[in-house]
Structure formats: C-alpha cells, structure tokens
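A look at the structure
Chain by chain, the residues:
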Amino acid sequence: MPVHPQQPLPPRRVQSQLKEASLTQSLRCPKTKALVRSQGMLGCPLLQKKNRLRRLCERKPSGKIQVPESIHKMWLAAGHSRDLLLEELENANWDKDVFVKKVTRSHEIIHKKSARKKRGWYTKENMERKLSWSKNYIASVVRFCEKQGNEKLVKKDKYN
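Counting starts from 1 at the beginning of each chain's written sequence and moves along it residue by residue. Per-residue local features of the predicted model are confined to residues with pLDDT of at least 70, and side-chain atom pairs are confined, for both listing and counting, to 80 or more; whole-chain, interface and lining totals are unaffected and use all residues. Each side-chain value is worked out from all heavy atoms of the structure, with water and hydrogens disregarded.

Moving on to the layout of surface pockets. Grid points spaced at 1 Å over the protein atoms alone were grouped into cavities, where a 1.4 Å probe fits but cannot get out, and pockets, open sets with protein on both sides within 12 Å along at least five of seven lines, with lining residues defined by an atom within 4 Å of a point. Grid points are joined across faces, edges and corners, and a volume is the space filled by probe spheres set on the points. Reported here for the largest pocket is a volume of approximately 610 Å³. Around the largest pocket, the lining is made up of 18 residues, and of these W121, Y122, M127, C145 and L153 lie nearest the centre. Strands here mean DSSP runs of E at least two residues long; helices mean DSSP runs of H or I at least four residues long; both are numbered from the N terminus. Ranked by residue count, the leading element in the lining of the largest pocket is helix α7 (residues 135-145), at four residues. Of the residues belonging to the lining of the largest pocket, the class tally is eleven nonpolar, two polar and five charged. Throughout, the ten residues Ala, Val, Leu, Ile, Met, Phe, Trp, Tyr, Cys and Pro are labelled nonpolar, Asp, Glu, Lys and Arg are labelled charged, and all others, Gly among them, are labelled polar.

Spelled out as structure tokens, the structure:
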C-alpha cells in the first residue's frame, strides 16, 4: 500500500506494518523469494565475504585478535587455508562463535591424527612383526641410525 503525498499519513499502527513489510521484502532472496536471515550474506560479492573474514581474523592495531592464534595463523597462510576458513564461516552462517568452535575442533582433530605415530625402541624382529615393515625398509632404517651423528637413535643393551 504505497503512500502518496496528497493522501494523509496512515495511523502509526499501519505505518509500522508498512515498515515491517518493506523490511521483510528486502530480506528475501531475489532468486527463490525465500526469507534470508539478517546475518547471512546471500548474494554478496566474494570481496565482501573476504573482507568479513579479514576483519574477523586480522590483528587489530591494539594487538588484539578476535579469534584464537591458530585460526589467525591459518588466515595469514593465505591460499587454500584462507579459502577453507571462508567456507567454514559461510557454513556457520557468518556467526563468529560457531565459526571458531568448528575451526578449532577440526584443527584439533587434524593435529591429533598427526600425533599418532608409533615411537619406541624396536629390534629388527619387532620392526618386522609389530610395525609390519619390509626387510629393505628395516635395513635402510638401521643404516640411517648407525651413521655418524645419529648415535642417539640407537639404544645400547645395558647387559652387553
């Protein structure tokens, strides 16, 4: 219901309804006509999305960062890691708290997987049996450990 200058203004109740109608109209997706959340950035250019991520992850002049140091380092690395951060921020519907939880959790899972290396002192027989290494690989590992400067990698039997 458009208001013309010659007509008197409608009552306040009607004015507020008109205002709400225009707001919901502006929050509709142009393609699907579905309502879009106010925090979402549907249809925004890529540059705006990257700037949002930059403002979230960059170090401020005061030295503060809005995200954990690990996320800041991922953002500084640029390239593929920055694209992954942008994708995670979109999946979190541009909510900072959800974004930080998701990225921190995935970062911890990656580091937990990389820390699962088998370490210990093994004889040649145990390398073959427990670690399932081939004889050629065992021979190359033994050669490497017996080289000059790698004496700390070989444990001497205390009874010999």
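This is not the end of the story, as more comes after the structure.
So, about the packing of aromatic side chains. Under the pairing criterion, centres of Phe, Tyr and Trp rings, with the six-membered ring standing for Trp, must be within 6.5 Å; the plane angle then separates stacked pairs below 30 degrees from edge-to-face pairs above 60, leaving the rest tilted. Considering all chains together, one arrives at one aromatic pair under this definition. Ring geometry for W133 versus Y137: centroids 4.9 Å apart, planes at 90°, classification edge-to-face. Exposure is judged per residue with a 1.4 Å probe applied to protein chains only, and the accessible area is read against the type maximum: over 50% gives exposed, under 20% gives buried, and values in between give partly exposed. A relative accessible area of 29% means that W133 is categorised as partly exposed. When its relative accessible area of 43% is taken as the criterion, Y137 is described as partly exposed. The residue whose ring lies beneath R82 is W75, and the NZ or CZ to ring-centre distance is 4.5 Å. Geometrically, a lysine NZ or arginine CZ counts as sitting over a ring once it is within 6 Å of the ring centre and also within 35 degrees of the ring normal.

On to helix α4 (residues 80-91), then. To estimate the expected span of a helix, count its residues, drop one, and scale the result by 1.5 Å. In this model, α4 (twelve residues) spans 17 Å end to end at C-alpha, consistent with the 16 Å of a helix rising 1.5 Å per residue. Where α4 ends, the next residue or the one after it, N93, has phi of about 55°, a positive value.

Structurally, the position occupied by K49 is in helix α2 (residues 46-57). The class of K49 is buried, set by a relative accessible area of 14%. Of the polar contacts made by the side chain of K49, one reaches the side chain of E90; its length is 3.0 Å. Two N or O atoms count as a polar contact when they lie within 3.5 Å, although within protein this holds only if one can serve as hydrogen donor and the other as acceptor, and sequence-adjacent residues are included solely when both atoms are side-chain atoms.

Turning our attention to α2. Between its first and last C-alpha atoms α2 spans 17 Å; for twelve residues at 1.5 Å apiece the expected length is 16 Å, and the two agree. Burial in α2 covers these residues: K49, L53, L56 and C57. Down the axis, α2 shows its buried residues gathered within 85° of arc, on one side only. Taken from the helix axis, the directions to the C-beta atoms give the arc we talk about.

Glancing now at the side chain of H72. Within the secondary structure, H72 is located in helix α3 (residues 69-77). You can call H72 buried: its relative accessible area is 4%. A polar contact is formed between the side chain of H72 and the backbone oxygen of C57, at a distance of 2.7 Å. Contact partners of H72, with chain neighbours within four places excluded, come to C57, E58, R59, I65 and V67. Only heavy atoms matter for contacts: two residues are in contact if any of them lie within 4.5 Å across the pair.

Patch members must show over 30% relative accessible area and no salt bridge, and they are joined within 9 Å when carrying like charges or within 5 Å when they are nonpolar side chains of Val, Leu, Ile, Met, Phe, Trp or Tyr. Using a 1.4 Å probe, accessible areas were evaluated by the Shrake-Rupley method; residue-level cover was limited to the displayed protein chains. The term salt bridge refers to a pairing of a side-chain nitrogen on Lys or Arg with a carboxyl oxygen on Asp or Glu at a separation within 4 Å. Together, F144, L153 and V154 give the surface a local cluster of nonpolar side chains, amounting to about 250 Å² of exposed area. Within the element layout of this structure, L153 appears in the segment after α7. For L153, a relative accessible area of 43% corresponds to the partly exposed category.

Another aspect to go through is the nonpolar core. Nonpolar side chains tend toward joint burial in soluble globular proteins. Remark: nonpolar core denotes a set of buried residues (Ala, Val, Leu, Ile, Met, Phe, Trp, Tyr, Cys) joined through side-chain atoms within 4.5 Å. With 14 residues, the main nonpolar core has L53, C57, V67, I71, L85 and F99 as its most contacted residues. Among all residues touching I71, those that are not within four sequence positions of it are C57, L85, F99, V100, V103 and T104.

Under the defined criterion, the tally for this structure stands at four salt bridges. Between E90 and K49 there is a salt bridge, and its shortest N-O distance comes to 3.0 Å. Residue E90 is found in helix α4, and its partner K49 is found in helix α2; the two are separated by 41 residues along the sequence. One salt-bridge network, held together by shared partners, links R54, E58 and K60.

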